[in-house]
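Residues per chain are reported as follows:
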Amino acid sequence: YSIVFNPATGAAPFAGNKPADLTVINLDNEPNLLSISDASITEGGILTFTVTRSNTTGGTASFTVSTANGTATTADNDYTSKSQNFNLTGSQLSATFTVQTTADTKLEADETIQVLLESNNSNYGLRDGVGIGTILNDDSVSIAVLPRKI
């Protein structure tokens, strides 16, 4: 193929008018892959994860996203467990999955949960099947020093 670039009307000609190499990448042959992002939020907020598919040539992408305990647990009421099914159709490239975290008054380190991505159809594989959600602790300790009478 030959592509010719011409300067805009009234503009100076390109310097040298030399041929250049052009690389065309055919994305029709790219594998159909799903991936999930990581997320972080202060406790009490909503973690938002994005699931993205690499292209739309594989047809509908059907998948399930679900939470799993990490250092943050449902037993400790750190977050609300959730599972959700999705279908990306047509030109849709992404979907969001949200997880509600719980505010508390515990002094603790930042905690994490896992968000697991599972493809429900054979025409989509996984590039990154685990998202890490970090729940940032916002609690602190106050120490009061009272004067002592002598």
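Being a predicted model, the structure only gives us computed values, none of them experimental.

Novice: Can you lay out unusual backbone geometry for me, pointing to particular residues and giving the numbers?
Specialist: Phi angles above zero are rare outside glycine, and Asn-77 is one such case at about 60°. Within the fold, Asn-77 resides in the loop between strand 4 (61-69) and strand 5 (83-88).

Novice: Describe a nonpolar patch on the surface, with residues and values.
Specialist: A cluster of nonpolar side chains, Leu-107, Val-141, Ile-143 and Val-145, forms an exposed patch at the surface whose accessible area comes to about 480 Å². If you trace the backbone, Val-141 turns up in the segment after strand 9 (130-136).

Novice: Talk me through the sheet that holds strand 1 (residues 33-36); I want residue IDs and the actual numbers.
Specialist: If you trace the 4 strands from one edge of the open sheet to the other, you get 6-3-1-8, paired in mixed fashion. In this open sheet, the two strands that pair with only one neighbour each are strand 6 (94-100) and strand 8 (125-128). Recorded for the sheet is a direction-independent mean angle of 25° between the axes of neighbouring strands. Pairing between strand 1 and strand 8: 3 bridges, direction parallel. Of the residues in strand 8, the one forming a bridge with Ser-35 is Asp-128.

Novice: Go over the packing of aromatic side chains, please, and point to the residues and values.
Specialist: Going through the model one piece at a time under the given rule, you end up with 1 aromatic pair. Aromatic pair Phe-63 and Phe-86: ring centres 5.3 Å apart, planes at 20°, arrangement stacked. Within this pair, whereas Phe-63 is found in strand 4, its partner Phe-86 is found in strand 5, the two being separated by 23 residues in sequence. Neither Phe-63 nor Phe-86 differs from the other in exposure class; each is buried. Directly above the aromatic system of Phe-97 lies the positively charged group of Lys-82, at a separation of 5.1 Å from the ring centroid.

Definitions and cut-offs
Residues numbered from 1 in each chain as written. Predicted model: local features only at pLDDT ≥ 70, side-chain atom pairs only at ≥ 80, totals over all residues. Heavy atoms only, no water. Helix = DSSP H or I, 4+ residues; strand = E, 2+ residues; numbered from the N terminus. Patch = residues over 30% accessible without salt bridge, like charges linked within 9 Å, V, L, I, M, F, W, Y side chains within 5 Å. Areas by Shrake-Rupley, 256 points an atom, 1.4 Å probe, with all protein chains shown as cover. Salt bridge = Lys/Arg side-chain N within 4 Å of Asp/Glu carboxyl O. Pairing = 2+ DSSP bridges. Axes fitted to C-alpha atoms, helices over the stretch in contact; angles between N-to-C directions. Phe/Tyr/Trp six-rings, centres within 6.5 Å; stacked < 30°, edge-to-face > 60°. Buried < 20%, exposed > 50% of the residue type's maximum accessible area, 1.4 Å probe, protein only. Lys NZ or Arg CZ within 6 Å of the ring centre and 35° of its normal.

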